[in-house]
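Results of the structural survey
Residues per chain, in single letters:
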Amino acid sequence: MKRVAMDDESNATDSSRAKRQKLGDSSDDVDEAGIAPLGSVVPDKQTEDALDALSKQIAENPTDSKALLKRATIYLRTKHLDLARADAEKAKSIESNSFDIAYLLGKIYSEMRHYESALTCFSEAIAANRDHASAFIRRGIVLYHMKRLSEAAKDFDWAIALMPDYYKAYYYAGVVLYDMKELKKALFTLNRAIELNPQHQQSFFQRGLVQHDLKHYEASVKDYSTVIALNPKSGAAYYNRALAYHFLKKYDLSIKDYENSLSIKPSAETFYNCGSVYFEMRQYEKAIDCFTHAMVLKPRDVELTISRGQAFEKLKEYDQAFHDYDDALKIDPNNVRALSCRGLAYLHSKMFDEAIVDFSKGIELDSKNTRNWNNRGNVWAHKQEFERAIEDYSMAIKLNGNYAKAIKNRGKAFFLLGEMEKAKQDLSRVISIAPRLEFEVFTKRALIAQSEGDVSSALSDIQRSFEQHHRNQQYLGKQKRDMSKWILTGK
């Protein structure tokens, strides 16, 4: 019986999503509004002198809440958080309804990431003074970290109502709206933040994330470019712009930005994404180099190991590919992607029985993985067991009715079994849903028409096949003439 090339599919390398920025816990993250700023940390000698003076004052009058509050503030600035908390708690025991004490204590607990306690303190501060925008902002940040996003959004709305020209309130609201997947609202809010402060790089960075998720990749590139102009050392901005360029298929620019990001802060994720771009460019040696660098940083990462194996496979270096797939499966014996990729390597190496084992195990682990059904069908087809191939293709199609490759492969299998009507139905179905596959499908359908004596339809399909696949015109013209002659004369 005749052999036929079936379309198999690998699990291509995936790019990670853009790097995000979190709302900070730092006491310096929010500009103070409504009370005097705490100021920057004073030099060590001055700090020591200030602490000595305050300690003497407190020793003389242990109930001096203002002195305790000042010393707690210095401890907070110098990151002596346990001492800061002790002083603030003692001040609160003396003056329980003080806004300033509750507010400072909330900041201390936020810095310590004790969010429940911080939430209680900021709520007490707000109860004492509902006109203080920064208290709403800080409570909103705490709620954000507690993943209570809708409540956080309400606090930022309150802050905006109290201070409608405060750019950071809009920025924080934009971050939360982004996490809530309210992308259009986030975009509107961040636009306002940028209007109020065109130099605030975090707002541009966050808007770049929103534009990326909206698939506005050109706009995303523009925002990250602004961040880089404001801060040339922002490795995350280079990384995210590289990712946007990747989606725009501007591969050279993507590579350049990944390299810039790596020069600032090397990471396995960045090496991986850079390798993924080279993979798409079919520069597999460079992809392997990137994946290898990533694996040095994350030596037991399954996805990295599989991706390097795929690059070796593209170079037909099957021994290296098998080595990587085997290593991946040692780390995670039930990794469906590794089984699928090794199965394909076995298929390409004509090790059909081994391929059947891997695809079957992949199907056992994930019965809804259409690629494994399709690829196992291809193995059966290569073994010329076309009935079994059709069963697997049919299962893939049952799971995904528009899976064009499986439909095409089943059509080929029907053709080789001589079931021309079923073959013609599948091939016609492919033409309607996957134009990029039409060249081969039209050609195969032309052969069916010729076998049925329908010369007119056969010639029509040959004409349409070459209209769809017009590259290398001289070669294709000869192919067309030879095929037409065969249809007309049988020679």
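Quantities reported herein were computed from a predicted structural model and do not represent experimental measurements. (Residues numbered from 1 in each chain as written. Predicted model: local features only at pLDDT ≥ 70, side-chain atom pairs only at ≥ 80, totals over all residues. Heavy atoms only, no water.)

Thoughts on the packing of aromatic side chains
Where we set the bar: Between the rings of Phe, Tyr and Trp (Trp by its six-membered ring), a pair exists once the centres lie within 6.5 Å; its type follows the angle of the planes, with under 30 degrees stacked, over 60 edge-to-face, and the other angles tilted. Helix and strand assignments follow DSSP, with helices taken as H or I runs no shorter than four residues and strands as E runs no shorter than two, numbered in order from the N terminus.
In this structure the tally under the stated criterion is 12 aromatic pairs. Geometrically, the ring pair formed by Phe136 and Trp158 is stacked, given 5.6 Å between the ring centres and 15 degrees between the ring planes. Of this pair, Phe136 sits in helix α6 (residues 133-145) while Trp158 sits in helix α7 (residues 149-162), placing them 22 residues apart in sequence. Considering the side-chain rings of Phe322 and Tyr346, the 4.8 Å spacing of their centres and the 35 degrees angle between planes classify their relative orientation as tilted. In this pair, Phe322 sits in helix α17 (residues 318-331) while Tyr346 sits in helix α18 (residues 336-348), placing the two residues 24 residues apart along the sequence.

With respect to α6
Note the cut-off: One less than the number of residues in a helix, times 1.5 Å, gives the span that helix is expected to have. Per-residue accessibility, obtained with a 1.4 Å probe over protein chains only, is compared with the maximum for each type, and a residue is labelled buried under 20%, exposed over 50%, and partly exposed between these values. Residues count as neighbours in contact if any of their non-hydrogen atoms are within 4.5 Å of one another.
A rise of 1.5 Å per residue sets the reference length of α6, with its 13 residues, at 18 Å; its end C-alpha atoms lie 19 Å apart and thus fit the reference within 8%. For α6, the buried fraction is high: 12 of the 13 residues fall into the buried class. Every buried residue of α6 is accounted for by Ala133, Ser134, Ala135, Phe136, Ile137, Arg138, Arg139, Gly140, Ile141, Val142, Leu143 and Tyr144. Tucked into the core, α6 has its buried residues touching α4 (99-111), α5 (115-128), α7 and α8 (167-179). At the exit of α6 stands Lys147, carrying a positive phi of roughly 65 degrees.

Regarding the pattern of salt bridges
Put simply, the rule is: Each reported salt bridge corresponds to a side-chain nitrogen of Lys or Arg within 4 Å of a carboxyl oxygen of Asp or Glu.
Per the stated rule, a full pass over the model turns up 24 salt bridges. Put simply, Arg337 and Glu303 hold a salt bridge, and the shortest N to O gap is 2.3 Å. Pair noted here: Arg337 is in helix α18 and Glu303 is in helix α16 (residues 302-314), with a separation of 34 residues, a long-range link. On the basis of relative accessibility, which here comes to 11%, the residue Arg337 falls in the buried class. Between Asp327 and Lys330 there is a salt bridge, with its nearest N and O atoms 3.9 Å apart. Of the two residues, Asp327 and Lys330 both sit in helix α17, 3 residues apart, roughly one turn of that helix. Taking relative accessible area as the criterion, Asp327 reaches 24% and is therefore assigned partly exposed. The class for Lys330 is exposed, based on a relative accessible area of 65%. Several salt bridges share partner residues, and in doing so they unite Asp165, Arg192 and Glu195 into one network.

Thoughts on unusual backbone geometry
Notably, Lys181 is not glycine yet its phi reads approximately 65 degrees, a positive angle. If you check the backbone angles, Lys215 has positive phi at about 65 degrees while not being a glycine. Structurally, the position occupied by Lys215 is in the loop between α10 (201-213) and α11 (217-230). The exposure class assigned to Lys215 is exposed, which follows from its relative accessible area of 60%.

A look at α7
Condition: As used here, the arc is the angular range of directions from the helix axis to the C-beta atoms.
With 14 residues, α7 ought to run about 20 Å at 1.5 Å a step, and its terminal C-alpha atoms sit 20 Å apart, in line with that. What α7 keeps buried is the set Leu149, Ala152, Ala153, Asp155, Phe156, Ala159 and Ile160. The buried residues of α7 occupy an angular sector of 160 degrees when the element is viewed end-on, so they sit on one face. Those residues of α7 that are exposed and aimed more than 90 degrees away from the buried face are Lys154 and Ala161.

Description of the confidence of the model for the protein
Note the cut-off: A residue's pLDDT is the confidence the predictor assigns to it, expressed on a 0 to 100 scale.
When pLDDT is averaged along the protein, the result is 86; 80% of the residues meet or exceed 70. Looking at the elements of the protein, mean pLDDT is at its lowest for helix α26 (residues 473-489), recorded as 44, and at its highest for helix α9 (residues 183-196), recorded as 98. Throughout residues 31-42 the model reports pLDDT below 50, and contacts reaching past four residues in sequence, or to other chains, amount to 25 contacts.

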